[in-house]
Amino acid sequence: MTTVNIALKEAYQLAFDVLSSNGFSAAHADAIARNVTAGERDGCASHGLWRLLGIVETLRKGKVSPDAEPTIVDQAPAIVKADANGAYSLCAYEKALPLLIEKTRHCGIAALAINRCVHFSALFADVEPLTDVGLVGYACTPSHAWVAPAGGTQPLFGTNPIAFGWPRGAKPPFIFDMATSAAARGEIQLHQRAGKPIPEGWGIDSDGQPTTDPQAVLDGAMLTFGGHKGSALAAMVELFAGPLIGDMTSAESLAWDNGAGGLPYGGELILALDPQRFLGAEAGTHLARERSEKQGLDVSRGLYDEICALRG
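Residues numbered from 1 in each chain as written. Predicted model: local features only at pLDDT ≥ 70, side-chain atom pairs only at ≥ 80, totals over all residues. Heavy atoms only, no water.

1. Here we look at the nonpolar core
The nonpolar side chains of a soluble globular protein tend to be buried, and buried together.
Link 1 in the chain: Ranked by internal contacts, the top residues of the largest apolar core, which has 23 residues, are Leu19, Phe24, Ile32, Val36, Ile55, Tyr88 and Phe120.
Link 2 in the chain: Listed by contribution, the elements that provide at least two residues to this core are helix 1 (8-21), helix 2 (26-41), helix 3 (51-60) and helix 4 (89-107).
Link 3 in the chain: With five residues, helix 2 is the single largest residue contributor to this core.
Link 4 in the chain: Residues in contact with phenylalanine 24, not counting those within four places in the same chain, are Leu19, Ala29, Ile32, Ile55, Leu59, Ser65, Pro66 and Tyr88.
Link 5 in the chain: Core analysis: the second largest hydrophobic core is formed by 22 residues, Val80, Leu100, Ile270 and Ala272 among them. (Core = buried A, V, L, I, M, F, W, Y, C linked by side-chain atoms within 4.5 Å. Buried < 20%, exposed > 50% of the residue type's maximum accessible area, 1.4 Å probe, protein only. Helix = DSSP H or I, 4+ residues; strand = E, 2+ residues; numbered from the N terminus. Contact = heavy atoms within 4.5 Å.)

And the structure:
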């Protein structure tokens, strides 16, 4: 397969130009272009530049707003609500993020519910800004009903990803981002585009039979990872980012799409936790340890001389 080598700056500009020329506002084009470029940069091709095809197609099918301004509501002492007003989720998240961080610093834990958003992006991009400021992050979202529950043959759940982020000071954060399905739908679509079979266990055909044909799985149903364990987590995501925040389940999202083939529409739930508020005075101990390991110890000259004298 032949490839084209482009710099990250060129990749961003290409994405931005494509989005702008198709009618997205500057704010949405910038947020989306940064997101898909970051996915490609980090080796996540299923959520990289390839996503532009579906992003633009969803707009052309009238299933996403290209310019809606998000509405941010201070819902409760530890809850922020962001209404994307039918646009992609990214601008709503970025606009709500400062208030989420402020509430987390004050309460120790806070939640952000993003409603009425179209979602395509990898969730690690939503927990990284939290770990960047020393917070623990969690995010989840349903999608379209593409995934059969354990023991079933008909799609009910979405790929229902979960992401978690843990800050580690000056070191890179610990982050995972995973679908509760055996694979992300984008991975199956990339296999289909490349004419490659998928691994066994990723999905079943429309008759409920195991298959390694990506198109047969796209026409049939994906499977959860770990059987009933993945199904339980998928159900949790449906409830967390659906009814709990007053938004759609994956089945409702697919019904809303009504065969258009657009990207999933619904909600996203993000939790942020402040380790310093949980640990209290103990957090100062850890901060002092970090500082001492980098900068050494400041000991009074008098004490230092007395201790040295004990060496004889």
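2. Remarks on the side chain of serine 89
Link 1 in the chain: Assignment of secondary structure puts serine 89 in helix 4.
Link 2 in the chain: Residue contacts for serine 89: discarding those within four places in its chain leaves Ile114, Cys117, Val118, His119, Ser121 and Glu268.

3. Quick notes on the pattern of salt bridges
Link 1 in the chain: Scanning the model with the defined rule gives eight salt bridges in all.
Link 2 in the chain: Between arginine 41 and aspartate 42 there is a salt bridge; the shortest N-O distance is 2.8 Å.
Link 3 in the chain: The class for aspartate 42 is partly exposed, based on a relative accessible area of 40%.
Link 4 in the chain: Residues aspartate 305 and arginine 301 are paired through a salt bridge, measuring 3.4 Å at the closest nitrogen-oxygen approach. Taken together, the positions of aspartate 305 and arginine 301, both in helix 12 (residues 301-309) and four residues apart, correspond to about one turn of that helix. (Salt bridge = Lys/Arg side-chain N within 4 Å of Asp/Glu carboxyl O.)

4. A word on the sheet that holds strand 10 (residues 265-273)
Link 1 in the chain: Taken together, seven strands build an open sheet; the order of strands is 1-2-3-10-4-6-7 and the sheet is mixed. The outermost strands of the open sheet, each flanked by one partner alone, are strand 1 (71-76) and strand 7 (171-178). Each strand axis lies, on average, 15 degrees off the axis of its neighbour in the sheet, ignoring direction.
Link 2 in the chain: Where strand 2 (residues 79-83) meets strand 3 (residues 109-118), five bridges bridge the pair, whose relative direction is parallel. For valine 80, the partnering residue across the bridge sits in strand 3 and is leucine 112.
Link 3 in the chain: Along the sheet, helix 4 makes contact with strand 1, strand 2, strand 3 and strand 10, crossing strand 3 at roughly 165 degrees.
Link 4 in the chain: In the packing of helix 8 (residues 228-240) onto the sheet, the strands contacted are strand 4 (136-140), strand 6 (162-168), strand 7 and strand 10, and the crossing angle to strand 4 comes to about 90 degrees. (Pairing = 2+ DSSP bridges. Axes fitted to C-alpha atoms, helices over the stretch in contact; angles between N-to-C directions.)

5. Some remarks on the packing of aromatic side chains
Link 1 in the chain: Scanning the model with the defined rule gives nine aromatic pairs in all.
Link 2 in the chain: Between the aromatic rings of tryptophan 256 and tyrosine 265, the centroid separation amounts to 4.2 Å while the plane-to-plane angle is 15 degrees, which identifies the pairing as stacked.
Link 3 in the chain: With a relative accessible area of 12%, tyrosine 265 lands in the buried category.
Link 4 in the chain: Aromatic rings pair up to connect Phe164, Trp166, Phe174 and Phe176 into one cluster.
Link 5 in the chain: Lysine 63 extends its terminal NZ or CZ atom over the ring of tryptophan 256, reaching a point 4.4 Å from the ring centre. (Phe/Tyr/Trp six-rings, centres within 6.5 Å; stacked < 30°, edge-to-face > 60°. Lys NZ or Arg CZ within 6 Å of the ring centre and 35° of its normal.)

6. Points about a nonpolar patch on the surface
Link 1 in the chain: A cluster of nonpolar side chains, Leu297, Val299, Leu303, Tyr304 and Ile307, forms an exposed patch at the surface whose accessible area comes to about 510 Å².
Link 2 in the chain: With respect to the secondary-structure elements, leucine 297 resides in the loop between helix 11 (281-295) and helix 12.
Link 3 in the chain: Judged by its relative accessible area of 68%, leucine 297 falls in the exposed class. (Patch = residues over 30% accessible without salt bridge, like charges linked within 9 Å, V, L, I, M, F, W, Y side chains within 5 Å. Areas by Shrake-Rupley, 256 points an atom, 1.4 Å probe, with all protein chains shown as cover.)

7. Topic: the side chain of threonine 224
Link 1 in the chain: Mapped onto the secondary structure, threonine 224 falls in the loop between strand 9 (221-223) and helix 8.
Link 2 in the chain: Among the polar contacts listed, one links the side chain of threonine 224 to the backbone oxygen of glycine 227, at a separation of 3.0 Å.
Link 3 in the chain: Of the polar contacts made by the side chain of threonine 224, one reaches the side chain of serine 231; its length is 3.4 Å.
Link 4 in the chain: When near neighbours in sequence (up to four residues on either side) are disregarded, threonine 224 contacts Val147, Ala148, Thr180, Ser181, Ala182, Gly230 and Ser231. (Polar contact = N/O pair within 3.5 Å; in protein donor to acceptor, adjacent residues only side chain to side chain.)

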